[in-house]
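Below are the chains, spelled out letter by letter.
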Amino acid sequence: MYFISNVCSFCKKYWQKYRSLKQTIKQKPLYIRSLFLFARICFWSIVYITVLDNNFLWLFGKSPCINELNNPQLEIASELYSSDSVLIGRYFDKDRTPVTYSQISPLLIKILVATEDQRFYKHSGVDLRSTVSIFVYMAQGKKRGGSTITQQLVKNLFKTRSNYSRGLLGHIPFIRTIIYKTKEWISAFKIEMFYTKEDILEMYLNTVDFGSNCFGIHTAAKVFFNTTPDKLTVTQCATLVGMLKAPTQYSPVHNPKNSLMRRNVVLGQSFKQRIIDSIEFDSLRKQPLGLNTNFNEDESNTGYFSNMVAQYLKLWLRENNYDLYTDGLKIYTTIDSELQHYAEDATTEQMKILQKSFDNYIGKNDPWQDQKGKPIPGFINQLVEQEPYYKKLAERFNNNQDSIDYYLNLKHRMKVFTWKGDKDTTFSHLDSLRYFNSFLHSSFVSMDPYTGHVLTWIGDINYDYFKYDHVKQSKRQPGSTFKTFVYTAAIDNGYAPCDQMIDSPVTIKYTENGEEKIWSPQNVTWVFTGDTVSLKYAYAVSINSVAVQLTKKIGWKKVIEYAKKMGITSKLAEVPSVAIGSSDVSLLELVNAYSPIINGGYKVEPLIVTRIYDKNGKLIKEFHVQKTRVISEETAWLMVQMLRGGLSEPHATTQALFAYDLFRSKIEYGGKTGTSQNNSDGWFVGVSPKIIGGAWVGGEYRSVHFHSGSQGEGCHTALPIFGRFMEKVVRDKKFDYLKVAFSKPSKKINKPYSCHTVLPKDTLTIDSSLVEY
């Protein structure tokens, strides 16, 4: 209180002196009074600027400080690159990639200055002449902007008109405008003190909003014209500069007529400023906009992989205080852009054929069917009732079913996916559910078994319409592909590929959740031949009875143990049916778990990111492969022979690969097919010495599937994706390093493995005699 009392006394004392001086000045000559008035204006202007710039008593809102002006912080998009340095994805809140002044077309600079701020090189941030002219135009009932490029830069960088910068007085309309303008003038003067004109133009073009979530000239040039800022043509420059007045109103995408008109106005201004001559002006104004036809397309169909990388880096980003969407990181991944392209093409080719076959198979019936092939009643209704849209309608109409049904069946225009391209149609919400749930889905992933590098990642058939990733997010029953872990566990615990068993019924008694159960599985053919067969043959043709007998002998807990240590991370039920793939797993973990077989016995963690750079190009993180030996080298080599048996044993399911042009070089293959119950899921894992690839095919819901094994088994649905993919790889000379044979054993193999099953020519019954070679 004492301090406040002294301050009040001080102010009162000097206020009295000021009033006395003012009375004295009134008696002085005119020039003295004028000087005093000028001094008063200067004094109170300095006071106003000082209290405003320092946000006195929180009246004026925040203003940029010197440090912020010296180090302006831009929200910069992070970029995702393939291993061969191809841009495959971006993360952003504001899609911006900064460029330097030298990377910007001089034409763009000239047209920008001619249109937005003709006296840019003559003023110091605020153009007083232009500011005075505003009032002249206002008196004439016209509107004209008076902000210089520097003032616009202040608005772009520091959001001086946002709520964050609004003080208590900022809520009063007229006063608010005066405060905003003053802040921009002050900051513009400061910026002109710290930066050259070239720096200001560079920052301005890197921060300006072009609409369509495009921030900065680099992104705008890429999105609208598929070019770079240094290669922009005169008309392209004029179009982009014209958008600055009102990005949405003059957008070449959303308002092409307005954009064309505005572009020609800018061209006219360029002509007046002698940037172009009359002949060029007459010619250029007649040209179309020339918009990028791939405006809505990403750099690559890698949305699933981009999401996975974001999830993969989530913990590291948080621990190291980086923001993926604003910090301009450059992330290099293990994806090979050309292999990714081949994988996309292979998946598309197969799924187009398969969907057509499925549509013909289903005909006019609903595709969601029970085990007997009959449509499931109320299937779509059950789906829609789980949706937020349905719950919103129920809340809005107090569970009135008539009103809910009305809106669920209300038709409207929408764009839908087809294998011939996007299609505009009229659907109700229920129609769209029926339509989109009629599609078969697929995924494909490949990796280097030695380094763990993920080389391709196809999460589903189309990222724009189907966001759910079937490589890692989705988990389904892997069927016979899981038998690989049964045979690996068996061979690692004393069995050999040429050991024999009888294809006969087997029954297992076990306890699950305290309940005694009996399990008697069938073969796929529903026939037990009674023949004596080798483990190699049984694995190749996927005889369930032999796999189950092995599981009974070594124990299903042992099978689970090997699956886990080889790379399966999902929870596996401790029941004997786990041997034939009854527990759900993801495609990524399944493919990765085959790696120890190919690389000599080592588990490798899948690696998708190799290194990260900050926005200044500094390396801030490297990622390395982690290896752990999980099976012996001998077991791994013997399991390679088992996988190769899928091509050499008679009637083996992997022999479907012979339909593809894969064998023109010395490259060798192996593989395992898998099909879940009722043909709901088709799987295939294909292996070669340098690359492993896995494919899955199925409906979004397990009730959507083929009922016929001849159409729905993995060798018919999933295997062709691998076949088509490797066919493209083999034809490309760039990938000659992949075209090698499997290595010979580094030491003597003591277990018998060189056996081949021979079938009599006149029968499909197996001759139990095994030929050694």
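As a reminder, the structure under discussion sits directly above these lines.
(A) Looking closely at the side chain of H441. Examined against the element boundaries, H441 turns out to sit in strand β6 (residues 440–447). Setting aside residues up to four positions removed in sequence, H441 forms contacts with M351, F436, D460, I461, F466, H470, W696, V697, G698, G699 and E700.

(B) Local environment of the sheet that holds strand β1 (residues 78–81). With respect to topology, five strands assemble into an open sheet ordered β2-β1-β3-β13-β14, the strand pairing being mixed. Either end of the sheet is taken by a strand with one partner, and the two such strands are β2 (87–91) and β14 (619–622). Between one strand axis and the next, the sheet turns by 20° as a mean value, whatever way the strands run. The sheet strands contacting helix α13 (residues 303–312) are β1, β2, β3 (330–333) and β13 (609–613), and the helix crosses β2 at an angle near 55°.

(C) A look at helix α19 (residues 429–436). Along α19, six of the eight residues are buried, which leaves the element largely enclosed by surrounding structure. Taken together, the buried positions of α19 are H429, L430, D431, S432, L433 and F436. Elements in contact with the buried residues of α19: α16 (379–384), α17 (388–396), α18 (401–408), β4 (412–416), β5 (423–427) and β6.

(D) Inspection of the pattern of salt bridges at higher detail. Considering all chains together, one arrives at 19 salt bridges under this definition. For R724, the salt bridge identified is with E349, shortest N-O distance 3.4 Å. Of the two residues, R724 sits in helix α29 (residues 719–731) while E349 sits in helix α15 (residues 337–362), which places them 375 residues apart along the sequence. We classify R724 as buried; its relative accessible area is 19%. With a relative accessible area of 29%, E349 lands in the partly exposed category. With its nearest N and O atoms 3.7 Å apart, the salt bridge here joins R731 to E727. Of this pair, R731 and E727 are both found in helix α29, four residues apart, which corresponds to roughly one turn of the helix. Linked through salt bridges whose partners overlap, the residues forming this network are D661, R664, E727 and R731.

(E) Summary view of the state of the cysteines. This model, assessed by the stated rule, comprises one disulfide. The disulfide partner of C498 is C755, and the gap between their sulfur atoms is 2.1 Å. Taking the sign of the torsion about the S-S bond as the criterion, the disulfide between C498 and C755, at about -105°, is left-handed. Placement of the pair is C498 in the loop between α20 (483–491) and β8 (500–502) and C755 in strand β19 (residues 755–757), with a sequence separation of 257 residues. In this pair, the class of C498 matches that of C755, namely buried.

(F) Region of interest: the environment of P745. Along the chain, the position of P745 falls in the loop between α29 and β19. By relative accessible area, P745 is classed as partly exposed at 29%. Sequence separation between P745 and E634 is 111 residues; the distance between their C-alpha atoms is 7.7 Å.

(G) Region of the structure containing the pairing of β1. Residues S78 and L80 of β1 are buried on one face, and the alternating residues E79 and Y81, pointing to the opposite face, are buried as well. For β1 and β2, the ladder comprises four bridges, and the chain directions are antiparallel. Each residue of the ladder has a partner; that of E79, found in β2, is R90. Linking β1 to β2, which pair antiparallel, is a turn of five residues; within it S85 sits at a positive phi near 65°. Both β1 and β3 contribute to a ladder of three bridges, which runs parallel. Following the sheet pairing, L80 is matched in β3 by I331.

(H) How the structure looks around unusual backbone geometry. For R274, which is not glycine, the phi torsion reads 65° and is therefore positive. With respect to the helices and strands, R274 occurs in the loop between α11 (256–272) and α12 (278–284). On the accessibility criterion, R274 (78% relative accessible area) is exposed. The phi angle at N678 is positive, at roughly 65°, despite the residue not being glycine. Along the chain, N678 falls in the loop between β16 (670–675) and β17 (681–687). Residue N678 is classed as partly exposed on the basis of its relative accessible area, which comes to 31%.

(I) Representation of the nonpolar core in the model. Core analysis: the biggest nonpolar cluster contains 141 residues, and I331, W457, Y487 and F725 have the highest contact counts within it. Membership of the second largest hydrophobic core comes to 43 residues, among which are A220, V234, I276 and F281.

(J) Looking closely at helix α23 (residues 556–566). For α23, the complete set of buried residues consists of W556, V559, I560, Y562, A563 and M566. End-on view of α23: buried residues confined to an arc of 165°, all on one side of the axis. On its buried side, α23 packs onto α20, β9 (508–512), α22 (544–554), α24 (587–593), α25 (595–599) and β12 (602–604). The first or second residue beyond α23 is G567, which carries a positive phi of 140°.

(K) Inspection of the pairing of strand β10 (residues 515–519) at higher detail. With five bridges connecting them, β9 and β10 associate as antiparallel partners. Bridging across to β10, K509 finds its partner in I518. Following β9, the chain reverses through two residues before pairing antiparallel with β10; N513 in that reversal takes a positive phi of roughly 55°.

Cut-offs and rules
- Residues numbered from 1 in each chain as written.
- Predicted model: local features only at pLDDT ≥ 70, side-chain atom pairs only at ≥ 80, totals over all residues.
- Heavy atoms only, no water.
- Helix = DSSP H or I, 4+ residues; strand = E, 2+ residues; numbered from the N terminus.
- Contact = heavy atoms within 4.5 Å.
- Pairing = 2+ DSSP bridges.
- Axes fitted to C-alpha atoms, helices over the stretch in contact; angles between N-to-C directions.
- Buried < 20%, exposed > 50% of the residue type's maximum accessible area, 1.4 Å probe, protein only.
- Salt bridge = Lys/Arg side-chain N within 4 Å of Asp/Glu carboxyl O.
- Disulfide = S-S within 2.5 Å.
- Core = buried A, V, L, I, M, F, W, Y, C linked by side-chain atoms within 4.5 Å.
- Arc of directions from axis to C-beta.

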